Amino acid sequence: MISKKMEAALNKQLNRELFSSYLYLSMATYFENNNFVGMAQWMKLQAEEEHIHSMKFFDFIQKVGGRVILEQIDKPQSEWDSAQNAFEDALGHEEFITKNINELTDLAIAERDHSTKTFLQWYIDEQVEEEATANEIVQKFKLIGESKSGIYMLDRELGTRVITPETPSA
Ligand code: FEO
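Read on for a plain summary of the structure. Keep in mind it's a predicted model, so treat the numbers as computed, not measured.

Quick look at the environment of Tyr-22
Phase 1: Its place among the elements puts Tyr-22 in helix α1 (residues 4-33).
Phase 2: In this structure Tyr-22 comes out as partly exposed when scored by relative accessible area, which is 42%.
Phase 3: In this structure, the C-alpha to C-alpha distance between Tyr-22 and Lys-75, residues 53 residues apart in sequence, is 8.0 Å.
Phase 4: Discounting residues that sit within four places of it in the chain, Tyr-22 has contacts with Ile-73, Asp-74 and Pro-76.

Next up, the structure:
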């Protein structure tokens, strides 16, 4: 049985993961609107992955005797200055999520809640991958600069993405 404080914190993170899905879906529409088909596909898969992240919180809260409370999901941004800018925001968002996961883990440790701490380890590993992947794409944009053919190639590359949701390296 988890504490009410832990339950509230996990519910908040469930909401943030749903927002992440919403944000990346919003980025997908931005990319589709600007004819970046591959980047749109990449973001749609990312949105799906975030939904899986949120459902893992959903299932865990219920399993440990807590109660899932679904709160309102914030409206995500819908326009960006450039494709690079959108991916920079994605990286910034992942850094924010990492901070949240670390704070949740600190709370689990403070409460001597070992099952929640163990559950969160998956997310700690996942966030390393999430940040590394987003950062790699941002670095590619920087390398490419204004080159239209470079951006075209990157769009094609990102369109080949596949996900394997259950592993942290998804
Ligand atoms: Fe659920 Fe991208 O972190």
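Still more ground to cover, so stick around.
Some details on the packing of aromatic side chains
Phase 1: Under the defined criterion, the tally for this structure stands at eleven aromatic pairs.
Phase 2: Between Phe-60 and Phe-119, the aromatic rings sit 4.0 Å apart at their centres with planes inclined by 5°, giving stacked as the arrangement. Residue Phe-60 is found in helix α2 (residues 37-63), and its partner Phe-119 is found in helix α4 (residues 114-144); the two are separated by 59 residues along the sequence.
Phase 3: A cation over an aromatic ring shows up here: Lys-56 above the ring of Trp-122, its NZ or CZ 4.4 Å from the ring centre.
Phase 4: Across from the ring centre of Trp-42, 4.3 Å away, lies the NZ or CZ of Arg-161, which sits over that ring.

Some thoughts on the layout of surface pockets
Phase 1: Size it by volume and the largest pocket reaches roughly 230 Å³.
Phase 2: Surrounding the largest pocket, Phe-36, Ser-82, Ala-83, Gln-84, Phe-141, Gly-145, Glu-146, Ser-147, Lys-148 and Ile-151 form its lining.
Phase 3: At the level of secondary structure, the elements contributing two or more residues to the lining of the largest pocket comprise α3 (83-110) and α5 (148-158).
Phase 4: Here the lining of the largest pocket is composed, by residue class, of four nonpolar, four polar and two charged.

The rules behind the values
Residues numbered from 1 in each chain as written. Predicted model: local features only at pLDDT ≥ 70, side-chain atom pairs only at ≥ 80, totals over all residues. Heavy atoms only, no water. Helix = DSSP H or I, 4+ residues; strand = E, 2+ residues; numbered from the N terminus. Buried < 20%, exposed > 50% of the residue type's maximum accessible area, 1.4 Å probe, protein only. Contact = heavy atoms within 4.5 Å. Phe/Tyr/Trp six-rings, centres within 6.5 Å; stacked < 30°, edge-to-face > 60°. Lys NZ or Arg CZ within 6 Å of the ring centre and 35° of its normal. 1 Å grid on protein atoms, 1.4 Å probe; cavity = no way out; pocket = protein on both sides within 12 Å on 5 of 7 lines; lining within 4 Å. Points joined across faces, edges and corners; volume = space filled by probe spheres on them. Nonpolar A, V, L, I, M, F, W, Y, C, P; charged D, E, K, R; others polar.

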